Amino acid sequence: MDFGALDAMPVQSGTKRMQGYCGLCIARCGYVAEIDSGRFVALHPDPTHPTGRALCAKGRAAPELVYHSERLTCPLRRTRPKGDPDPGWERINWNDALELTAVAMRRIAERDGPQAFAFSMASPSTTAIADSSPWIRRLMNAFGTPNASTSVELCGWGRSYATRYTYGVGSVASGIGGAMADIPHSGCLILWGYNPSIARLTHATMIVESLKRGLRLIVVDPRQAGLANKADVWLRPRPGSDGALALGLANLMIERGWYDSDFVRDWTNGPLLVRADTGRLLTERDLTAQGSAQRYFAWDSNRSDLVLYDPRTSRYESNGSNIALSGEYSITTAQGPVLCRPIFELYAILCRRYSPDVIKEICWIDPGPLERAARLIWHARPVSYYAWSGHEQHTNTTQTARAISILYALTGCFDAPGGNVLFPSVPVNSITGEDLANARQLPAALGLAERPLGPARWNFITGRELYDAILHHKPYPVRGLLGFGANLLLAHADVRLGREALAALEYYAHADLFMNPTAEMADVVLPVASAFECEALKVGFDVSVEAQSVVQFRQPVVPPRGECRSDAQIVFDLACRLGLADSFWHGDIQAAYQHQLAPSGTTLKELRAAPGGLRVALKPRYAKHASVDANGTPAGFSTPTRKVEIYSETFLNHGYQPLPEFQEPLVGPRTRPDLAARFPLVLTSAKHTLFCESQHRGLPSLRKHALNPEVELHPETAEVRNIAAGDWVVIETPHGSVRARARFNESLDPRVVCGQHGWWQPCKELGAPGYNPFGADSANLNLIINGDARDPISGTVPHRAYLCEIRRSSSGPTDGFEETRSP
Ligand SMILES: Nc1nc2c(c(=O)[nH]1)N[C@H]1C(S)=C(S)[C@@H](COP(=O)(O)OP(=O)(O)OC[C@H]3O[C@@H](n4cnc5c(=O)[nH]c(N)nc54)[C@H](O)[C@@H]3O)O[C@H]1N2
Ligand SMILES: Nc1nc2c(c(=O)[nH]1)N[C@H]1C(S)=C(S)[C@@H](COP(=O)(O)OP(=O)(O)OC[C@H]3O[C@@H](n4cnc5c(=O)[nH]c(N)nc54)[C@H](O)[C@@H]3O)O[C@H]1N2
Ligand code: SF4
Ligand SMILES: [Mo]
């Protein structure tokens, strides 16, 4: 192994400097913290770190976060009933807080089974929970509950889970099928509903760098946000129409011959024949009773005959180059003649339905930019893409994610240099505890029966499923919850239902840095140390091979505030109290890290001596699917056909469309003309550059630049409603209304408006208001979204495509949020 310690930063007299990485969001920027007389005073970029080129305003505000007057600093216990506006928080000690929690967990598990105790977690993209989430999952596995509510249905499902049905499971969980855009080597990059300038600084700096050497850029976004003004093509879809757009682009590419037919033939299931009568793949069993039901056929156009394909060997029985991707063939089966077509032909037929004219009608995108984008995707290869929130929070997210990932297969760039690459990672022992005895017999997660291919398959539950299980015991009761930061009542639709559900819990403990509207519903609140006050181990920094090679053991910049503890400490302590010490190194976290690092070639001791991180040499390998074993069998893809799946029999088996058919958003102008008459505007949302999700409004250096929630609308949309820039407006949907201030954005289609979610917190120092998350004058955007409309496959609710109307309001919201009463 090749270790290269990062250069130590110069130490100035009087101040101490310390390397680490910022845990506040997914960018995980390498930093140098400045400590003056024991006080954390500033955060600077660490240019020696692969993610350390720059820091954002949130990172620079880290000292404000650490020393904030409203930080939770001691465990609290509720003394008054949950409906009471005053929870009557009472200070308790850690022993009592953890004992109360362990006793409740044991009681509920013994009476109702461990699955009746669920966990919630903040998303790792918006918090430092990634430092401890593997340990939290380990505790769940050891305890025996599969039910983790982490907003995965809103964040990550489309990007890295739905795409597994196309590409199989990869190694790094964050890209498509685990494959990350290899931006420095790409000829063209597609940012699809992803704005790294706000969301992930490390990607943004990398892209800006690459644009200088000629990277071509396509941005798909209803707003001209972030790098869209530097893009070669900016496509502006109607929110929620991305699935149609992907098919429309594929249509042009197929029509013009702009696709990699070798890749499609060799590495996708495009050649396999589908029976017209049943929609199933033609199998050997269809032809003879002795044949295998797991061997399929393609058509050899030279021999004008069937050719057998065996997924176990990932090979066709004859030379692949004659294998047909189009045509219609009458095949004599045991039951008589059956018409069959190759999958690729069926896909091409589907795509043909999305001609440029149809795309104009559905997506509100003109043929010109559509054609330019299709041309660029083909001619500027290698191409990579990253698709995120923009396509993820819809009632059609799963098929959209598939449509985009299959469009991408046409380029033949998967796992090629400059494409989406399965980056290598430093080898470590898995610590999530899937090997533990209880984990091997976990009960089914909530929602698995109803949506067997959705998040429950990976032991994630949706917000709505959690609420339904608490309130209606469907499909079984959930009576206890342990929350690590998730602010469910701001993050999810069905806000009132959520509040009712949390109030109905027999026991709820919530660990957080701050009291938030969700934590207000807890029985016990645990104070958590921020990422700057606790250690953590990070193996790989995701965005490039270079970044992946860095292993870093972050040490606390300053000791924890008050009695705060890290999430990991809480987990290890609880595990011991639950009689699970054997699975938790008897409470010794250092021993656990050592176990994790054992195969890595580095040790905790070495890492402690190198706070800037160590590099473990990693070699990029490409086209892993083509690597062959001793028998000459290619690795292929980890899908049922061992190929990239354009057509999914898994989907068919569960009653879903096997091709990535476009489904209109369930609450949109085309599906609900009845509602559209009163609510003519399409409502979407986007992240705030200064805040992570529902956090950070209390930090003065950030809040002073954004005092109130805003909604972006086109000036024409405003004018006909007599709205001036800066006016308070009401955003109204069939389910209620919230308020925000009007901000004009000429880049929007006049029929689209874009709100901000996550507003509740006041900033006392500035006298900036908080907002009641539930009341009539709320600014909680998800209060007006109803989760009855859901993606049938994943349960995703329509945060990003809903119908609304906007009108001028006479006043802004009052400061209705009950202030936290810590003793
Ligand atoms: N309308 C609309 N709704 C959305 C979205 C949207 O774009 N529009 N986005 C969705 C997305 S993508 C997501 S990920 C969710 C986000 O929803 P959440 O995952 O709930 O994230 P946050 O709202 O940032 O709240 C995080 C909470 O965790 C606490 N916290 C921060 N760091 C730590 C830590 O290290 N440990 C612990 N224990 N707690 C910590 C914070 O104080 C805060 O209370 O919201 C979703 N909701
Ligand atoms: N500053 C900051 N950084 C963050 C976060 C934060 O809250 N603030 N949150 C973190 C989290 S949890 C996440 S998930 C990531 C998310 O990172 P992103 O996915 O980049 O987040 P957004 O800005 O919400 O969405 C990206 C773009 O999608 C567009 N969009 C909206 N609707 C649609 C649509 O229907 N189709 C398409 N194609 N685009 C649409 C929006 O206009 C927006 O510009 O960021 C992480 N980083
Ligand atoms: S982008 Fe900002 S908040 Fe996110 S890790 Fe970097 S410095 Fe921290
Ligand atoms: Mo997210």
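Placed above this text is the structure.
This structure is a prediction, so every number in the text was calculated from the model and none was measured.

### Let's talk about the overall build of the protein
- For the protein, the count of helices and strands is 27 helices and 31 strands.
- For 823 residues, the compact-globule estimate of 2.2 N^0.38 gives 28 Å, and the protein sits close to it at 27 Å.
- The buried share of the protein, reckoned over its 823 residues, is 64%.
- Taking all contacts inside the protein whose residues are at least 6 apart in sequence as the whole, residues at least 24 apart take part in 72%.
- Put simply, the protein shows about 28800 Å² of open surface, and 49% of that area lies on carbon and sulfur atoms.
- Within the protein, one finds 84 positive and 84 negative side-chain charges whose respective centroids are separated by 1 Å.

### With respect to the site of ligand 3
- Cys 22, Leu 24, Cys 25, Ala 27, Arg 28, Cys 29, Leu 55, Cys 56, Lys 58, Gly 59 and Leu 201 make up every residue found near ligand 3.
- When the residues that make up the shell around ligand 3 are grouped by side-chain class, the tally is 8 nonpolar, 1 polar and 2 charged.

### Here we look at the site of ligand 2
- Near ligand 2 you find 32 residues, and of these Asn 195, Asp 221, Asp 242, Phe 691 and Arg 800 are the closest.
- Between a nitrogen atom of ligand 2 and a side-chain N or O atom of Lys 58, the distance comes to 3.0 Å.
- Between ligand 2 and Glu 693 there is a distance of 2.7 Å, counted from an oxygen atom to a backbone nitrogen or oxygen.
- For ligand 2, the protein covers 99% of the area, taking 900 Å² as the surface of the free molecule.
- When contributions to the shell around ligand 2 are tallied by element, the ones reaching two or more residues are helix 7 (196–199), helix 15 (389–392) and strand 26 (681–685).
- Across the shell around ligand 2, the residue classes tally to 13 nonpolar, 12 polar and 7 charged.

### As for the packing of aromatic side chains
- For the structure on display, the rule yields 32 aromatic pairs.
- Plain terms: the ring middles of Tyr 194 and Trp 388 are 5.6 Å apart, the flat faces sit at 55 degrees to each other, and that makes the pair tilted. Of the two residues, Tyr 194 is situated in the loop between strand 9 (188–192) and helix 7 and Trp 388 in the loop between strand 18 (383–387) and helix 15; the sequence distance between them amounts to 194 residues. Each of the two residues, Tyr 194 as well as Trp 388, counts as buried.
- Measuring from ring centre to ring centre gives 5.4 Å for Phe 553 and Tyr 593, while their planes differ by 80 degrees; the resulting arrangement is edge-to-face. Of this pair, Phe 553 sits in strand 24 (residues 550–554) while Tyr 593 sits in helix 22 (residues 589–597); the two residues are 40 residues apart in sequence, bridging distant segments of the chain.
- Exposure remark for Tyr 593: the relative accessible area of 3% places this residue in the buried category.
- By way of ring pairs, the aromatic residues Trp 157, Tyr 161, Tyr 165, Trp 458, Phe 460, Phe 651 and Tyr 656 are connected into one cluster.
- One cation-aromatic arrangement involves Arg 554 over Tyr 21; the distance from NZ or CZ to the ring centre is 4.9 Å.

### Concerning the environment of Ser 638
- Inspection of the secondary structure assignment puts Ser 638 in the loop between strand 25 (614–615) and helix 24 (649–653).
- On the accessibility criterion, Ser 638 (53% relative accessible area) is exposed.
- The residues contacting Ser 638, other than those within four sequence positions of it, are Tyr 167, Gly 168 and Val 169.

### Digging into the sheet that holds strand 16 (residues 329–333)
- The 3 strands are arranged 12-17-16 in an open sheet whose pairing can be described as antiparallel. Looking at strand neighbours, the two that pair on one side only are strand 12 (273–275) and strand 16, the edges of this open sheet. The average angle at which neighbouring strand axes cross in this sheet is 45 degrees, direction not considered.
- Here 3 bridges tie strand 12 to strand 17 (residues 336–342), and the two strands are oriented antiparallel to one another. Across the sheet, residue Val 274 finds its bridge partner in strand 17, namely Arg 341.
- Where helix 12 (residues 343–352) meets the sheet, it contacts strand 12 and strand 17, and its direction lies at approximately 65 degrees from that of strand 17.

### Looking at the nonpolar core
- In terms of nonpolar packing, the biggest core is built from 126 residues, with Phe 484 and Phe 532 touching the most fellow members.
- Here this core takes 8 residues from helix 3 (residues 94–112), the largest share from any one element.
- With 70 residues, the next largest nonpolar core counts Ala 380, Tyr 385, Phe 637 and Tyr 647 among its residues.

Reading the values: the criteria
- Residues numbered from 1 in each chain as written.
- Chains lettered and ligands numbered in written order.
- Predicted model: local features only at pLDDT ≥ 70, side-chain atom pairs only at ≥ 80, totals over all residues.
- Heavy atoms only, no water.
- Helix = DSSP H or I, 4+ residues; strand = E, 2+ residues; numbered from the N terminus.
- Rg over C-alpha atoms; globule rule 2.2 N^0.38 Å.
- Buried < 20%, exposed > 50% of the residue type's maximum accessible area, 1.4 Å probe, protein only.
- Contact = heavy atoms within 4.5 Å.
- Areas by Shrake-Rupley, 256 points an atom, 1.4 Å probe, with all protein chains shown as cover.
- Lys, Arg positive; Asp, Glu negative; His and termini not counted.
- Charge placed at Lys NZ, Arg CZ, Asp CG, Glu CD.
- Near = heavy atom within 4 Å.
- Nonpolar A, V, L, I, M, F, W, Y, C, P; charged D, E, K, R; others polar.
- Polar contact = N/O pair within 3.5 Å; in protein donor to acceptor, adjacent residues only side chain to side chain.
- Phe/Tyr/Trp six-rings, centres within 6.5 Å; stacked < 30°, edge-to-face > 60°.
- Lys NZ or Arg CZ within 6 Å of the ring centre and 35° of its normal.
- Pairing = 2+ DSSP bridges.
- Axes fitted to C-alpha atoms, helices over the stretch in contact; angles between N-to-C directions.
- Core = buried A, V, L, I, M, F, W, Y, C linked by side-chain atoms within 4.5 Å.

Treat this as a map of the structure, not an account of what it does.
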